[in-house]
Amino acid sequence: MTDFAIRLLMYVAQRPERLCTIAEVAAAYDISQTHLMKITHQLALGGWLETTRGKGGGIRLGRPASEIRLGDVVRTMEPDFFIVECFSSGHSCMLHGSCDLTGVMDGALRSFMNYLDEYTLADVLPKSDPGRGAPLRFHGRNKILAR
């Protein structure tokens, strides 16, 4: 979901002059409209998107792309990072308290998020023809083919 969330934000950011629809974004990236609606809802709850319902409705950025930190978007879409069992409450890890894996994984996660916090949505938008570039296109579900 996080991957598609960032790509949705990128698509909308490239079209600041108008509202975008879930149907057009789903078609551009060949993903399910139902899945994209769930993502849109989460992004709207986080304040990253504004949504307008009804005829003529659509979605737009909730704030300027330069104010949308990638780390914050990831935190919105990933409410927990239970990379290892001992990160979750009520875990039953038999090694708890006798290994250093939790500390290592926690440090790695913090480094990852700190790195993402250094970049905004504006930083990852296509550089040519700002504001009007074609959306990044998917080949299949995971590979970017072309713009």
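Conventions we followed
- Throughout this description, residue numbers start from 1 for each chain and increase along the sequence as written.
- For this predicted model, a pLDDT threshold of at least 70 governs which residues receive local features, and a threshold of 80 or more governs which side-chain atom pairs are given and counted, while totals over whole chains, interfaces and linings are taken from all residues.
- Excluding hydrogens and water, the side-chain figures rest on all heavy atoms present in the structure.
- Two strands are said to pair when DSSP picks up at least two bridges between them.
- Only DSSP runs of H or I with at least four residues qualify as helices, and only runs of E with at least two residues qualify as strands; both kinds are numbered from the N terminus onward.
- The pairing test for Phe, Tyr and Trp rings, Trp by its six-membered ring, is centres within 6.5 Å, and the orientation test on the planes gives stacked under 30 degrees, edge-to-face over 60, and tilted for anything in between.
- Exposure classes here rest on a 1.4 Å probe applied to the protein chains alone. A residue is buried below 20% of its type maximum, exposed above 50%, and partly exposed in between.
- Here, over-ring charges are defined by two tests on the NZ atom of lysine or the CZ atom of arginine: distance to the ring centre within 6 Å, and angle to the ring normal within 35 degrees.
- By nonpolar core we mean a set of buried residues, namely Ala, Val, Leu, Ile, Met, Phe, Trp, Tyr and Cys, connected to one another through side-chain atoms within 4.5 Å.
- By definition in these notes, contact holds between two residues if any of their heavy atoms fall within 4.5 Å.
- The reported arc concerns the directions from the helix axis to the C-beta atoms and nothing else.

(A) Structural view of the pairing of strand β1 (residues 49–52). Direction of pairing for β1 relative to strand β2 (residues 58–61): antiparallel, over a ladder of four bridges. Along β2, the bridge assignment pairs Thr52 with Gly58. Following β1, the chain reverses through five residues before pairing antiparallel with β2; Gly54 in that reversal takes a positive phi of roughly 90°.

(B) Here's a closer look at the packing of aromatic side chains. Taken as a whole and assessed by the stated rule, the structure comprises two aromatic pairs. Between Tyr11 and Tyr29 the ring centres are 5.9 Å apart and the planes differ by 75°, which places this aromatic pair in the edge-to-face class. Within this pair, whereas Tyr11 is found in helix α1 (residues 2–13), its partner Tyr29 is found in helix α2 (residues 22–29), the two being separated by 18 residues in sequence. For the pair Tyr11 and Tyr29, a shared accessibility class is recorded, and that class is buried. For the pair Tyr115 and Tyr119, a centre-to-centre distance of 5.3 Å together with 55° between the ring planes defines the contact as tilted. Judged by relative accessible area, which is 49%, Tyr115 ranks as partly exposed. Sitting over the face of the ring of Tyr11, Arg15 holds its NZ or CZ atom 3.8 Å from the ring centroid.

(C) Spatial organisation of the nonpolar core. If you look at the biggest cluster of nonpolar residues, it comprises 33 residues, and the most contacted ones within it are Leu8, Leu9, Leu43 and Leu61. When contributions to this core are tallied by element, the ones reaching two or more residues are α1, α2, α3 (33–45), β2, α4 (70–77) and α5 (101–117). Sorting elements by how many residues they give to this core places α1 first, with nine residues. Not counting residues up to four positions away in its chain, the partners in contact with Leu61 are Leu9, Val12, Ala13, Trp48, Leu49, Glu50, Ile68 and Leu121.

(D) Molecular detail of α4. Listed as buried for α4 are Leu70, Gly71, Val73, Val74 and Met77. An end-on view of α4 places all buried positions within 160° of arc, on one side of the element. For α4, the secondary structure elements touched by its buried residues are α1, α3, α5 and α6 (121–124).

(E) Seen up close, the environment of Phe81. By the secondary structure assignment, Phe81 is in the loop between α4 and α5. A residue is classified by how much of its surface remains accessible, and Phe81, at 22% relative accessible area, is partly exposed. Between the C-alpha atom of Phe81 and that of Asp106, which follows or precedes it by 25 residues, the distance is 9.4 Å.

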